[in-house]
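# Results of the structural survey
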Amino acid sequence: MSTSRRSSSLPHSAGHTRWITAAFAAALLLPLAVGPASAQSEDEEVVDLSTTSNEGQSHFWAGVEDAQNVFAVGAARHLELAVEADPSWGMAHVMLAHVAPMSNDDRLAMMAKGLDMMSEATTDELLLATALRAWRSGGAADASRMMALLSRMNSDDPHVLVWSMQIANARGDRTDPAERQRRIIERFPDYAPPHNTLAYVLWGQGDKNGALDAIRDYLRLASDHPNAHDSYGELLQFDGQYEDALRHYGHAVARDEGYEAGYTGAAEVHALMGDYEDAAAQMLAAAEHASTPQGRVNHLRGAAAAYMLDGDRRQAMETLSSAAQVAEGADLGNAAGFAHLQMAVTAALMGRDGEIAAHIARAGELGTQNPGFHGMSALAHGAAGHVEAAREAAANVPEANAFWSGVGQTAVALALAEQGDTDGAMEALAAAPPSPLAAAVRGMCLDEMGRDAEAAASFADVTNLRQFALANPIHGFAKYLAANN
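Just so it is clear, the model here is predicted, and its values are computed rather than measured.

## Notes on the overall build of the protein chain
- A count of helical and extended segments in the protein chain gives 26 helices and 0 strands.
- Computed over the C-alpha atoms, the radius of gyration of the protein chain is 24 Å, within 12% of the 23 Å expected from 2.2 N^0.38 for a compact globule of 485 residues.
- For the protein chain, the residues scored as buried account for 55% of the 485 residues in total.
- A fraction of 60% describes how many contacts in the protein chain between residues 6 or more apart in sequence connect residues 24 or more apart.
- Of the accessible surface of the protein chain, which amounts to about 20,300 Å², a share of 48% is contributed by carbon and sulfur atoms.

## Considering the nonpolar core
- One finds L235, L349, L379 and L470 to be the most contacted residues of the largest nonpolar core, which totals 94 residues.
- Looking at this core, the element that brings in the most residues is helix α22 (residues 402-418), giving 9 residues.
- Among residues more than four places away in sequence, those in contact with L379 are V345, V407, A411, L414, L437, I474 and F477.
- Listed in part, the 41 residues of the second largest apolar core include F60, V83, L96 and V160.

## Here we look at helix α9 (residues 177-187)
- Among all positions in α9, only A178, R180, Q181, I184, I185 and R187 are buried.
- Looking at the buried positions of α9, the neighbouring elements they touch are α8 (158-166) and α10 (193-204).

## Quick look at the packing of helix α12 (residues 226-238) against helix α13 (residues 242-255)
- Across the interface, α12 lies against α13 with an axial gap of 8 Å and an inter-helix angle of 165°. Considering the angle they form, α12 stands roughly antiparallel to α13. Our pair here, α12 against α13, has a crossing hand that is left-handed. Contact residues: α12 offers P226, H229, D230, Y232, G233, E234, L236 and Q237, while α13 offers Y242, D244, A245, H248, Y249, H251, A252 and R255.
- Residue composition of the contact of α12 with α13, grouped by class: 7 nonpolar, 5 polar and 4 charged.

So, how was this worked out
- Residues numbered from 1 in each chain as written.
- Predicted model: local features only at pLDDT ≥ 70, side-chain atom pairs only at ≥ 80, totals over all residues.
- Heavy atoms only, no water.
- Helix = DSSP H or I, 4+ residues; strand = E, 2+ residues; numbered from the N terminus.
- Rg over C-alpha atoms; globule rule 2.2 N^0.38 Å.
- Buried < 20%, exposed > 50% of the residue type's maximum accessible area, 1.4 Å probe, protein only.
- Contact = heavy atoms within 4.5 Å.
- Areas by Shrake-Rupley, 256 points an atom, 1.4 Å probe, with all protein chains shown as cover.
- Core = buried A, V, L, I, M, F, W, Y, C linked by side-chain atoms within 4.5 Å.
- Axes fitted to C-alpha atoms, helices over the stretch in contact; angles between N-to-C directions.
- Parallel < 35°, antiparallel > 145°, perpendicular 65-115°, else oblique.
- Left-handed = near helix turned anticlockwise from the far one by under 90°.
- Nonpolar A, V, L, I, M, F, W, Y, C, P; charged D, E, K, R; others polar.

Next up, the structure:
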């Protein structure tokens with residue numbers, strides 16, 4: 001499983017400002033020329049922690065390693081035990097906030113609490129806590145520079161080097177990302193997480209053999225960790241080795257039944273194999289083990305996509321209704337609204353045009369009318385052949401939002417195709433960015449034009465798409481169009 005997290009901001013209190021200032025001041029008093037990461041010091045240079053609890057330190061680093069192995073729930077378990085071992089240890093509170101699945105408001109509030117507890121913290125802790133808070137508050141450039149400094153100060157610590165390389169772009173480092181991971185591996189060959197990251201980077205660069213070699217190294221080093229099997233399963237999935245992929249997804253959840261990615265990965269493979277009932281069952285299992293209400297909503301929407309692909313409109317709509325109810329119960333208005341938008345498009349694709357307006361209206365009541373609202377509305381109208389309504393909704397998507405703007409443009413092409421205006425649809429597609437959805441609509445047009453071989457090739461680009469997520473409804477809609485035209 002690859003990595004990606006988000007952040008926003010929260011105002012500092014006077015106490016938080018005090019410790020941020022202290023961290024910068026302390027860091028600036030230290031020599032910068034500690035030496036390159038590859039240099040060995042006489043004494044081991046690793047992050048200095050202030051707690052006297054050995055149990056707390058053990059759980060702290062176990063939590064960090066779970067986080068760097070892309071297992072937030074496992075990381076949170078360890079960090080909670082670190083806090084329990086030393087309740088007054090501010091750094092443990094900050095790290096728990098950094099890794100645990102929670103809303104960003106709660107995350108920043110917990111970080112603020114931890115920072116206020118750090119009057120006895122070490123210089124390393126002050127710098128690390130400040131960097132993590134900046135990272136989660138939208139200050140990635142500051143966080144990146146602080147992590148780079150902290151890594152130079154602690155050249156024998158693989159954890160801070162991984163963080164430093166993870167956000168190197170934010171400080172202007174344009175080194176090839178594969179080269180970054182190789183530098184970490186050269187310095188710390190037995191630390192597993194960089195092998196995982198390297199595998200995904202190499203796959204993205206088109207080096208399939210290098211990626212598979214790297215992921216096998218990761219599995220060798222972390223065979224007891226669920227993410228090692230999940231990552232290996234995912235790359236096998238990308239390579240079309242579906243039975244082996246399912247076996248490793250099974251190993252992932254066997255190592256921790258709460259590892260959601262193992263279920264969602266298996267669901268993707270079952271969908272690729274055309275086993276949509278099994279795909280839906282795996283998504284429902286992921287929903288049962290979801291660590292957050294938002295995760296449960298997303299997994300339910302993924303199950304609904306599998307039911308849609310299986311042609312089961314009733315189950316698809318009932319599951320989406322359940323997703324909306326879970327979201328409303330958790331005060332997730334935008335998530336509830338998005339479930340209704342997915343219902344609108346699903347209804348349109350499955351010939352229930354009369355249900356579209358009610359779901360779009362309900363989505364507007366529950367959430368904000370953001371780019372996703374307008375893009376999904378355009379797609380629902382596009383699938384129903386409502387050309388003017390699709391154009392109107394697409395026009396409300398800001399051009400700066402490339403993803404939803406592209407969906408809107410493609411939705412207009414779909415509406416034209418549904419009305420039999422093939423030339424107009426192809427003209428609209430020419431202005432839309434390439435995507436699986438656009439490939440599906442292009443296949444529809446080519447088929448209508450009698451260009452059978454080209455249509456089949458365009459549809460195959462969609463049906464054979466191996467890197468997709470059932471919880472991303474655009475992927476599901478594209479696959480549905482390709483399979484049903």
